[in-house]
Amino acid sequence: MSLDTQIRMTKGRGHLYNSILETIGDTPTVRINNLGPSHVTLYVKVEAFNPGASVKDRLAIGIIEAAERSGALKPGQTVVEASSGNTGIGLAMVCAQKGYPLVVTMADSFSIERRKLMRIFGAKVVLTPRAEKGFGMYRKAAELAEANGWFLASQFETPANAAIHEATTAREIVADFAGSRLDAFVTGYGTGGTFAGVSAHLRRERPDTRIILTEPANAQLLGSGGRQERKDGGAPAASHTAFEPHPIQGWTPDFIPQVLQTALTNNSYDELLPVTGADAIAWTLKLASKEGILTGISGGGTFAVAVKVAETAPQGSVILCMLPDTGERYMTTPLFESIADEMNGEELALSQSTPCAQFAAE
Ligand code: PMP
């Protein structure tokens, strides 16, 4: 067979992987071509390329391997964690491969897909009432760990969170932008781990890069300036007064995590820009339909802010935006509300425009 010389060819990754866990990280940084102002170049870091399809795979492997090294996690010991879903999914994948039982506590407001994904990896999911918000699922995980002698992953407090982002996410960004300008880095926060690790590394390696942080417009924990009450060790003592439920799953729990607080003190941000849930959803839909990039609502929110920053940025600026997960885990959420499953009038007309394979008229 003669090969079309113009055909797109690939060459393989050049090595065999010893386990799925080795495929975590090294996600692609991708240029945006059809959205945003033309005087600026926008890039997105597509974390859906991780094997569990979110940025939290990094944290999952980071926490588990740090605990294995320190001896805090014993062979076969049960792992427990509170998660809005992606950490739970990442931990479930890691625990499936490494043979640890896993229990995840999650508020029942997060998508059904998240529960099922954790369960297909073999995890147990303990739902908590949405009225008790993030703090409720957080306290449930701590209580279960205490009562059963389980290993609590502590994503909101552990230094392993920022550390893995500094060692992977941040290094990838610096390597990918070697020889290129990088004027701004835009991210939201859940635990603040992405922000903490990337900002620490960029402040050292790319001090000219502006760090832009975002949060939901109706839950401005940072923008409000309100203090977070804490216990010794950094755990939140109460819900933050500025919190309101918002549709940007994975972002901004009802408390300021210790991981985020530490990063605010050490590295800070250059600008804090809120985004509405409606804008986050609108830009998630645009990324899919105009760029072929399917991300979750937090990715759309981050991108909405990146576009806003781009609009007033000097000619030739380069901006990088985090896209934390895949849109496929939002099929049952408001993101897909405008997406039909039945044929619309135009599709029906196409069906009827040629003779074969039509449905019988009712
Ligand atoms: N987006 C989504 C969808 C997430 O699940 C998370 C993590 N909860 C984030 C963004 C924020 O990541 P980080 O915890 O590193 O701040």
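Above this text you will find the structure in question.
The following paragraphs examine the structure supplied in this document. (Residues numbered from 1 in each chain as written. Predicted model: local features only at pLDDT ≥ 70, side-chain atom pairs only at ≥ 80, totals over all residues. Heavy atoms only, no water.)

With mixed pairing, the 6 strands of this open sheet are ordered in space as S1-S2-S10-S7-S8-S9. In this open sheet, the two strands that pair with only one neighbour each are strand S1 (29-31) and strand S9 (271-275). If you compare each strand with its neighbour and ignore which way they point, the axes differ by 25° on average. As judged from the 5 bridges shared by strand S8 (residues 210-216) and S9, these two strands associate in the parallel manner. Counterpart to Thr 214 in the pairing with S9 is Leu 273. Across the sheet, helix H5 (residues 159-176) touches S1, strand S2 (41-46), strand S7 (184-187) and strand S10 (318-323), and the angle it forms with S2 is around 145°. (Pairing = 2+ DSSP bridges. Helix = DSSP H or I, 4+ residues; strand = E, 2+ residues; numbered from the N terminus. Axes fitted to C-alpha atoms, helices over the stretch in contact; angles between N-to-C directions. Contact = heavy atoms within 4.5 Å.)

Let us now look at the nonpolar core. One finds Ile 64, Val 79, Val 94 and Leu 102 to be the most contacted residues of the largest nonpolar core, which totals 40 residues. Among the elements of the structure, helix H1 (56-70), strand S3 (79-82), helix H2 (86-98), strand S4 (102-107) and helix H4 (133-148) are those that each provide at least two residues to this core. Three or more residues apiece are contributed to this core by two domains, here domain 1 (3-49 + 169-336) and domain 2 (56-152). Every residue in contact with Ile 64, bar those within four places of it in the chain, is listed here: Leu 73, Val 79, Leu 91, Val 94, Cys 95, Lys 98 and Tyr 100. One finds Ala 280, Trp 283, Leu 287 and Ile 293 within the second-largest nonpolar core, a separate group that totals 33 residues. (Core = buried A, V, L, I, M, F, W, Y, C linked by side-chain atoms within 4.5 Å. Buried < 20%, exposed > 50% of the residue type's maximum accessible area, 1.4 Å probe, protein only. Domains from an automatic or database assignment.)

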